[in-house]
Amino acid sequence: MDNCIFCKIARKEIPANKIYEDEHIIAFHDIHPVAPIHFLLIPKLHIDSLADADDSHRDLLGRMMVLASKLAKTQGCNEGFRIIVNTGRIGGQEVFHLHFHVIGGHQHLPGMIHQG
Ligand code: AMP
Ligand code: ZN
């Protein structure tokens, strides 16, 4: 995926404010944080979105979920956090390389979806 920005981060072609990296996964701070703690987890493997994940990705997705929780705590989300996976056009996805947003650090996060 030559022009994918998150593949470029995975290939170290562009910098990121990284908090974790292993063979399969990278976590880095979101460039436009919406809360005091806001980082992203991406698989190094390019998957367009969660809608494109299949059974072959089960282990990877499980690792990402467990890691998201561990990193949330080490980043300071002591009393909870929110994981968001914007998926597809309707889900408001802007970068089409699967990623988990991990958000926290407020006393309380706002409700799920603003109505009206
Ligand atoms: P979305 O695809 O809507 O779930 O969100 C994409 C997220 O990626 C946004 O919150 C952006 O601020 C973030 N983002 C885009 N480019 C970068 C980058 N180079 N480094 C860190 N975060 C980024
Ligand atoms: Zn990619």
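Please refer to the structure placed before this passage.
Residues numbered from 1 in each chain as written. Chains lettered and ligands numbered in written order. Predicted model: local features only at pLDDT ≥ 70, side-chain atom pairs only at ≥ 80, totals over all residues. Heavy atoms only, no water.

Quick look at the side chain of Gln93
(1) Moving on: Within the fold, Gln93 resides in the loop between strand S4 (82-84) and strand S5 (100-104).
(2) Moving on: Since its relative accessible area comes to 7%, Gln93 is described here as buried.
(3) Moving on: Polar contacts involving the side chain of Gln93 include one to the main-chain amide nitrogen of Gly88, which spans 2.8 Å.
(4) Moving on: Within the local environment of Gln93, its side chain forms a polar contact with the backbone oxygen of Val95, the two atoms lying 2.9 Å apart.
(5) Moving on: If we skip the residues at most four places from it in the chain, Gln93 touches Asp48, Ser49, Asn86, Thr87, Gly88 and His99. (Helix = DSSP H or I, 4+ residues; strand = E, 2+ residues; numbered from the N terminus. Buried < 20%, exposed > 50% of the residue type's maximum accessible area, 1.4 Å probe, protein only. Polar contact = N/O pair within 3.5 Å; in protein donor to acceptor, adjacent residues only side chain to side chain. Contact = heavy atoms within 4.5 Å.)

Side note on the pattern of salt bridges
(1) Moving on: This model, assessed by the stated rule, comprises 5 salt bridges.
(2) Moving on: One salt bridge connects Arg11 with Glu13, and the closest N-O pair in it is separated by 2.7 Å.
(3) Moving on: With a relative accessible area of 46%, Glu13 lands in the partly exposed category.
(4) Moving on: The salt bridge involving Asp59 is made with Arg63; its shortest N-O contact spans 3.0 Å. On the criterion of helical spacing, the pair formed by Asp59 and Arg63 is a turn pair, its members being 4 residues apart in helix H2 (residues 58-74).
(5) Moving on: Judged by its relative accessible area of 39%, Arg63 falls in the partly exposed class.
(6) Moving on: Here the salt bridges share partners, and the residues they tie into one network are Lys12, Lys18, Glu21 and Lys44. (Salt bridge = Lys/Arg side-chain N within 4 Å of Asp/Glu carboxyl O.)

A few points about the site of ligand 1
(1) Moving on: Close to ligand 1 lie 16 residues; Asp30, Glu94, Val95, His99 and His101 are nearest.
(2) Moving on: At a separation of 2.9 Å, an oxygen atom of ligand 1 approaches a polar side-chain atom of Asn86.
(3) Moving on: In this structure, an oxygen atom belonging to ligand 1 sits 2.7 Å away from a side-chain N or O atom of His101.
(4) Moving on: Considered on its own, ligand 1 offers 510 Å² of accessible surface; in the complex 85% of this is hidden by protein.
(5) Moving on: Of all the secondary structure elements, the ones that give two or more residues to the shell around ligand 1 are helix H1 (5-10) and strand S2 (25-29).
(6) Moving on: The element that contributes the greatest number of residues to the shell around ligand 1 is H1, accounting for 3 residues.
(7) Moving on: The residue inventory of the shell around ligand 1, partitioned by class, reads 7 nonpolar, 7 polar and 2 charged. (Near = heavy atom within 4 Å. Areas by Shrake-Rupley, 256 points an atom, 1.4 Å probe, with all protein chains shown as cover. Nonpolar A, V, L, I, M, F, W, Y, C, P; charged D, E, K, R; others polar.)

A closer look at the sheet that holds S4
Two pairing modes exist for strands in a sheet, parallel and antiparallel, and in both the strands are linked by backbone hydrogen bonds.
(1) Moving on: Here 5 strands make up an open sheet; going across it, the order is S1-S2-S3-S5-S4 and the pairing antiparallel. For this open sheet the edge positions go to strand S1 (18-21) and S4, each flanked by a neighbour on one side alone. Shown here is a sheet whose adjacent strand axes are inclined to one another by a mean of 20°, direction ignored.
(2) Moving on: Here S4 runs beside S5; their pairing, made up of 3 bridges, is antiparallel. Along S5, the bridge assignment pairs Ile83 with Val102.
(3) Moving on: Against the sheet, H2 touches S1, S2, strand S3 (37-43), S4 and S5, its axis set at about 160° to S3. (Pairing = 2+ DSSP bridges. Axes fitted to C-alpha atoms, helices over the stretch in contact; angles between N-to-C directions.)

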